[in-house]
Structure formats: structure tokens, C-alpha cells
Amino acid sequence: TFDKELVIGWTKKRIVFHKTPLLEAIRVLENWYGVHIQVLNRPSHKILLSGKFQEETLENVLEGLRFSTRFEFKIDKENVTIKF
């Protein structure tokens, strides 16, 4: 069995993270929004992200993820900095 939403959510303009490792989520966001994301002061422990986003801006996605992982972010055109 598989989670249909995780596999084909992109066909409905939906980003789905379910206990997704930070670096994998960053790759998804970079590809989805055409940006480069730099992570500063990344914690040594493994960070897993969860969330569902339907046709959201990058800023709204990062804002949503920020609540559970407590990071700051700055968007400067196609360059994004995430700081823990």
C-alpha cells in the first residue's frame, strides 16, 4: 500500500510532507518554487517535517513549517535562507 496523496499530490498542486527529513523537504521546495535554499545553524538532531499545502506561496509554506520546527527565514528573490 502507499499514501496516494504523498505520491500524486503534486498533480493537484499540493505539497505534502509526512515526517519528511529536512533536506528532502528543502529539495522539494527548491524544485517546486525554483529557488535555492541555504540552511544556517542546522541542528545536529534529525528534523522531520509534516504539513499539507495546497497552491500556497513559498512564504506561506515556510511560515507553516516554521511553527513546528522553530526557524527563521528570509526570502530574497530566488535565494532563501533558513536559520535555526
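Presented here is a report on the structure given in the accompanying data block. Nothing here was measured: the structure is a model prediction, and the numbers come from that model.

Attention shifts here to the packing of aromatic side chains. Inspection of every chain in the model, using the stated rule, returns two aromatic pairs. Relative to Phe73, the ring of Phe71 has its centre 6.4 Å away and its plane inclined at 65°; by these criteria the two rings are edge-to-face. The lysine or arginine in question, Arg66, covers the ring of Phe67, its NZ or CZ lying 5.1 Å from the ring centre.

A few words now on the nonpolar core. Within the largest apolar cluster, 18 residues are counted, with the highest numbers of intra-cluster contacts made by Phe17, Leu29, Ile37, Leu62, Leu65 and Val80. The set of elements that each furnish at least two residues to this core consists of strand S1 (14-21), helix H2 (22-33), strand S3 (48-54), helix H3 (58-69) and strand S5 (79-83). In contact with Leu62, not counting residues within four places along its chain, are Leu29, Phe71, Phe73, Ile75, Val80 and Ile82.

This part covers H3. Compared with the 16 Å implied by 1.5 Å per residue over twelve residues, the 16 Å span of H3 between its first and last C-alpha is a close match. Taken residue by residue, H3 has Leu58, Val61, Leu62, Leu65 and Thr69 as its buried positions. Buried residues of H3, viewed axially, fall in a sector of 90°; they line one side. Against S1, H2, S3, strand S4 (72-76) and S5 lie the buried residues of H3. Just past H3, the residue Arg70 takes up positive phi, approximately 55°.

Scoring rules and cut-offs
- Residues numbered from 1 in each chain as written.
- Predicted model: local features only at pLDDT ≥ 70, side-chain atom pairs only at ≥ 80, totals over all residues.
- Heavy atoms only, no water.
- Phe/Tyr/Trp six-rings, centres within 6.5 Å; stacked < 30°, edge-to-face > 60°.
- Lys NZ or Arg CZ within 6 Å of the ring centre and 35° of its normal.
- Core = buried A, V, L, I, M, F, W, Y, C linked by side-chain atoms within 4.5 Å.
- Buried < 20%, exposed > 50% of the residue type's maximum accessible area, 1.4 Å probe, protein only.
- Helix = DSSP H or I, 4+ residues; strand = E, 2+ residues; numbered from the N terminus.
- Contact = heavy atoms within 4.5 Å.
- Expected span 1.5 Å × (residues − 1).
- Arc of directions from axis to C-beta.

Functional significance is not addressed by these values, which are geometric in nature.
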